[in-house]
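Now for the letters of each chain:
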Amino acid sequence: FPASYAELRKLPGIGDYTAGAIASIAFGEAVPAIDGNVKRVASRLFGIRENVNRPAVIREIRDTLTGAIPEGKASEFNQALMELGATVCIPRAPRCEACPLRLLCDAYAAGDAEALPMTEPKKPPRTVDVAVCLMTFQHTILLFKRKERLLHNLYVFGLSEELTDPQSALDYWAERGLSLRFLADLGGARHVFTHRIWEMRILHFELLKDPDSAFLREHDALLADSAQLKALPLPTAMKA
């Protein structure tokens, strides 16, 4: 297992914060671990009054904190900053009088700690109507491995955005070479992602024949039985 921040960052699923936390706490490397709490502490302490999520600002915070880590104390330093942000330098009504850094803190001196950190206002998530097509054949159901960025490499049922009535869904899959018979409208479900909301209409279709191997290859699809359905990586939206 990698013991350095640089090598940890190369592992899938490990970002800046996780790599910094592991490298400093487990291996003593003098690198910061910048989570939301630490970002808030740093913005107030150093008086950073611009969007803390901008790459240039994150680099500034990283460089400043790296230079502040006491020799041989990276683990304690990072854990102390995280704890300070979680318990004292909190988002609303920060407990400045209890803070051991208050006499060094730019925001405490300026009296604007509660206004920091500054961020861009989040855009409201976009609502998308999605038909979730449960296409069964005998004792199996058709699954697709997602190629799109959202839910990439996870298995989903047949999805068609905006085409949520049974006939539109039938036409959509017919264009892709599937012969289906509509069985039932199974109601709805809702799933909220960071930037979008799926309003799902769940439609049950019967495949009139086994999809040929060319279709399965082209669409990275498979017919899964109940055991496979439980074993394959399905996103929460599909489990619902």
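Novice: Mind laying out the overall build of the chain, listing which residues take part and the relevant values?
Specialist: On a plain count of helices and strands, the chain comes out with ten helices and seven strands. The C-alpha atoms of the chain give a radius of gyration of 25 Å, which is well past the 18 Å a tight globule of 240 residues would have. Along the longest, intermediate and shortest principal axes, the C-alpha atoms of the chain span 75 × 40 × 25 Å. In the chain, buried positions account for 39% of the 240 residues.

Novice: Provide a residue-level description of the packing of aromatic side chains, including the pertinent values.
Specialist: The final tally for this structure, using the stated rule, is five aromatic pairs. Taking the centre distance of 5.0 Å and the plane angle of 75° together, the rings of Phe193 and Trp198 count as edge-to-face. Here the two residues Phe193 and Trp198 agree in accessibility, since each one is buried. The structure contains a cluster of three or more aromatic residues connected by ring pairs, namely Phe144, Tyr172, Trp173 and Phe215.

Novice: Would you mind going over the pairing of strand β5 (residues 180–192) in detail, with residue names and values included?
Specialist: In this structure, β5 lies alongside strand β6 (residues 196–207), joined through ten bridges in antiparallel fashion. By the bridge assignment, Ala184 is partnered in β6 with His204. Counting the residues between successive antiparallel strands, the hairpin from β5 to β6 contains three residues.

Novice: Which residues make up the side chain of Arg40, and what values go with them?
Specialist: Within the secondary structure layout, Arg40 lies in helix α3 (residues 36–45). Buried and without a salt bridge, Arg40 has Asp35 as its closest oppositely charged side chain, separated by 7.4 Å. In this view, Arg40 contacts Gly85, Cys89, Ile90, Pro91, Leu116 and Pro117; residues no more than four positions away in its chain are not counted.

Novice: Got a sec to walk through helix α7 (residues 166–174)? Specific residues and values, please.
Specialist: For α7, the set of buried residues is Pro166, Ala169, Leu170 and Trp173. For α7, the angular spread of buried residues about the axis comes to 105°, placing them on one side. Where α7 is buried, its residues touch β1 (126–137), β2 (140–145), β4 (158–161), β5 and β6.

Novice: Explain the side chain of Ser43 to me, using residue names and the numbers behind them.
Specialist: Position of Ser43 among the secondary structure elements: in helix α3. Relative accessible area serves as the criterion here: at 0%, Ser43 is assigned to the buried category. Separated by 2.9 Å, the side chain of Ser43 and the backbone oxygen of Arg40 make a polar contact. For Ser43, the residues in contact, after removing those within four places along its chain, are Ile48, Val52, Leu116 and Pro117.

Novice: Give a description of the state of the cysteines that names residues and reports values.
Specialist: One pass over the structure, following the stated rule, counts zero disulfides. Of all cysteine sulfurs in the structure, the one in Cys89 sits closest to Cys99, which takes part in no disulfide; the separation is 6.2 Å. Under the relative-accessibility criterion, Cys99 is labelled buried at 11%.

Novice: For the pattern of salt bridges, give the residues involved together with the corresponding values.
Specialist: Following the criterion strictly, the structure yields eleven salt bridges and no others. Linking Glu148 and Arg146 is a salt bridge whose minimum nitrogen-to-oxygen distance equals 3.5 Å. What makes Glu148 partly exposed here is its relative accessible area of 43%. A residue is classified by how much of its surface remains accessible, and Arg146, at 12% relative accessible area, is buried. In this structure, Arg201 engages Asp185 in a salt bridge whose closest nitrogen and oxygen atoms are separated by 2.7 Å. With Arg201 in strand β6 and Asp185 in strand β5, this residue pair connects regions lying 16 residues apart in the sequence. Residues participating in the shared-partner salt-bridge network are Arg49, Asp106 and Asp112.

Novice: Run through empty space enclosed by the protein, naming residues and quoting values.
Specialist: Under the criterion given, the structure shown has one cavity of 30 Å³ or more. The computed volume of the largest cavity comes to approximately 120 Å³. Lining the largest cavity are 15 residues, with Arg44, Cys89, Cys96, Cys99 and Cys105 sitting closest to its centre. Here the element with the most residues in the lining of the largest cavity is α3; it accounts for three residues. Residue composition of the lining of the largest cavity, grouped by class: twelve nonpolar, no polar and three charged.

So, how was this worked out
- Residues numbered from 1 in each chain as written.
- Predicted model: local features only at pLDDT ≥ 70, side-chain atom pairs only at ≥ 80, totals over all residues.
- Heavy atoms only, no water.
- Helix = DSSP H or I, 4+ residues; strand = E, 2+ residues; numbered from the N terminus.
- Rg over C-alpha atoms; globule rule 2.2 N^0.38 Å.
- Buried < 20%, exposed > 50% of the residue type's maximum accessible area, 1.4 Å probe, protein only.
- Phe/Tyr/Trp six-rings, centres within 6.5 Å; stacked < 30°, edge-to-face > 60°.
- Pairing = 2+ DSSP bridges.
- Lys, Arg positive; Asp, Glu negative; His and termini not counted.
- Salt bridge = Lys/Arg side-chain N within 4 Å of Asp/Glu carboxyl O.
- Contact = heavy atoms within 4.5 Å.
- Arc of directions from axis to C-beta.
- Polar contact = N/O pair within 3.5 Å; in protein donor to acceptor, adjacent residues only side chain to side chain.
- Disulfide = S-S within 2.5 Å.
- 1 Å grid on protein atoms, 1.4 Å probe; cavity = no way out; pocket = protein on both sides within 12 Å on 5 of 7 lines; lining within 4 Å.
- Points joined across faces, edges and corners; volume = space filled by probe spheres on them.
- Nonpolar A, V, L, I, M, F, W, Y, C, P; charged D, E, K, R; others polar.

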